[in-house]
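Structural description and commentary
Here is what each chain is made of, one letter per residue.
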Amino acid sequence: MVIRVEKAEKTAFLTLCEALDTSAGRELRRFMRAFVAAKSAQIEEDATAKIAADAPKKAKKARTAEPAEAPMETGAAETGAGKPAPDGSDAAAQDPAAADSAPAAAKPRKRAAKAPAGSL
């Protein structure tokens, strides 16, 4: 690890370490251990607090996010009658035969997908 410090700061640190009969490396390791322990505890507390704060939100979201079951429709849904036309008008309800016909752009795709692989 390379640490850049001002020369005066480094000299003062080394002088103080020598006066206290310790090494610069020992003091840096001691600082690093204390720093990691303190910050790890702080991060763990923050994470615990965040989880506790999010718990009511998640519980509320789970209660409101349950999908409502759609009623089963018979007859009109199976034949396609009653569906609105692509242009927004209710032409399908007026003419059931119009509901069964697919748009012109969709037909070629369906036919192309059904073509045998070797016929290309």
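Residues numbered from 1 in each chain as written. Predicted model: local features only at pLDDT ≥ 70, side-chain atom pairs only at ≥ 80, totals over all residues. Heavy atoms only, no water.

For the rest of this paragraph, the subject is the overall build of the protein chain. A count of helical and extended segments in the protein chain gives six helices and zero strands. Ordered by position from the N terminus, the helices and strands of the protein chain form the series α-α-α-α-α-α. Taking all 120 residues of the protein chain together, 5% fall into the buried category. About 10900 Å² of surface is accessible on the protein chain, with carbon and sulfur atoms providing 60% of the total. (Helix = DSSP H or I, 4+ residues; strand = E, 2+ residues; numbered from the N terminus. Buried < 20%, exposed > 50% of the residue type's maximum accessible area, 1.4 Å probe, protein only. Areas by Shrake-Rupley, 256 points an atom, 1.4 Å probe, with all protein chains shown as cover.)

On to helix α1 (residues 7-19), then. Spanning 13 residues, α1 covers 18 Å between terminal C-alpha atoms, matching the ideal 18 Å at 1.5 Å per step. Within two residues after α1, aspartate 21 carries a phi angle of roughly 55°, on the positive side. (Expected span 1.5 Å × (residues − 1).)

Counted as a void, the largest pocket has a volume near 280 Å³. In this structure, the largest pocket is lined by Met1, Ile3, Val5, Glu9, Lys10, Phe13, Leu14, Ala24, Leu28, Phe31 and Met32. For the lining of the largest pocket, the secondary structure elements donating two or more residues are α1 and α2 (24-64). Of the residues contributing to the lining of the largest pocket, the split by class is nine nonpolar, no polar and two charged. (1 Å grid on protein atoms, 1.4 Å probe; cavity = no way out; pocket = protein on both sides within 12 Å on 5 of 7 lines; lining within 4 Å. Points joined across faces, edges and corners; volume = space filled by probe spheres on them. Nonpolar A, V, L, I, M, F, W, Y, C, P; charged D, E, K, R; others polar.)

Our next topic: the pattern of salt bridges. The full count for this structure, using the stated rule, is one salt bridge. Between glutamate 27 and arginine 30 there is a salt bridge, with its nearest N and O atoms 3.5 Å apart. Within this pair, glutamate 27 and its partner arginine 30 are both found in helix α2, separated by three residues, close to a single helical turn. By relative accessible area, which is 47% here, arginine 30 ends up partly exposed. (Salt bridge = Lys/Arg side-chain N within 4 Å of Asp/Glu carboxyl O.)

Together, Met1, Ile3, Val5, Phe13, Leu14, Leu28, Phe31, Met32, Phe35 and Val36 give the surface a local cluster of nonpolar side chains, amounting to about 990 Å² of exposed area. Put simply, the parts of the chain that give the nonpolar patch at least two residues each are α1 and α2. Ranked by residues supplied to the nonpolar patch, first place goes to α2 with five residues. Here methionine 1 is to be found in the segment before α1. (Patch = residues over 30% accessible without salt bridge, like charges linked within 9 Å, V, L, I, M, F, W, Y side chains within 5 Å.)

Quick look at the side chain of threonine 22 now. Of note, threonine 22 is situated in the loop between α1 and α2. Polar side-chain contacts of threonine 22 include one of 2.8 Å to the side chain of glutamate 27. If we skip the residues at most four places from it in the chain, threonine 22 touches Cys17 and Glu27. (Polar contact = N/O pair within 3.5 Å; in protein donor to acceptor, adjacent residues only side chain to side chain. Contact = heavy atoms within 4.5 Å.)

Below, the discussion takes up unusual backbone geometry. Generally, phi is negative for residues other than glycine and the peptide bonds are trans, each holding for most cases. In the Ramachandran plot, aspartate 21 falls in the positive-phi region, its phi being about 55° despite a non-glycine side chain. Mapped onto the elements of the fold, aspartate 21 is located in the loop between α1 and α2.

All right, on to the confidence of the model for the protein chain then. Across the protein chain, the average pLDDT comes to 73, with 47% of residues at or above 70. Ranking the helices and strands of the protein chain by mean pLDDT puts α1 first, with 97, and helix α3 (residues 76-79) last, with 48. (pLDDT = per-residue confidence, 0-100.)

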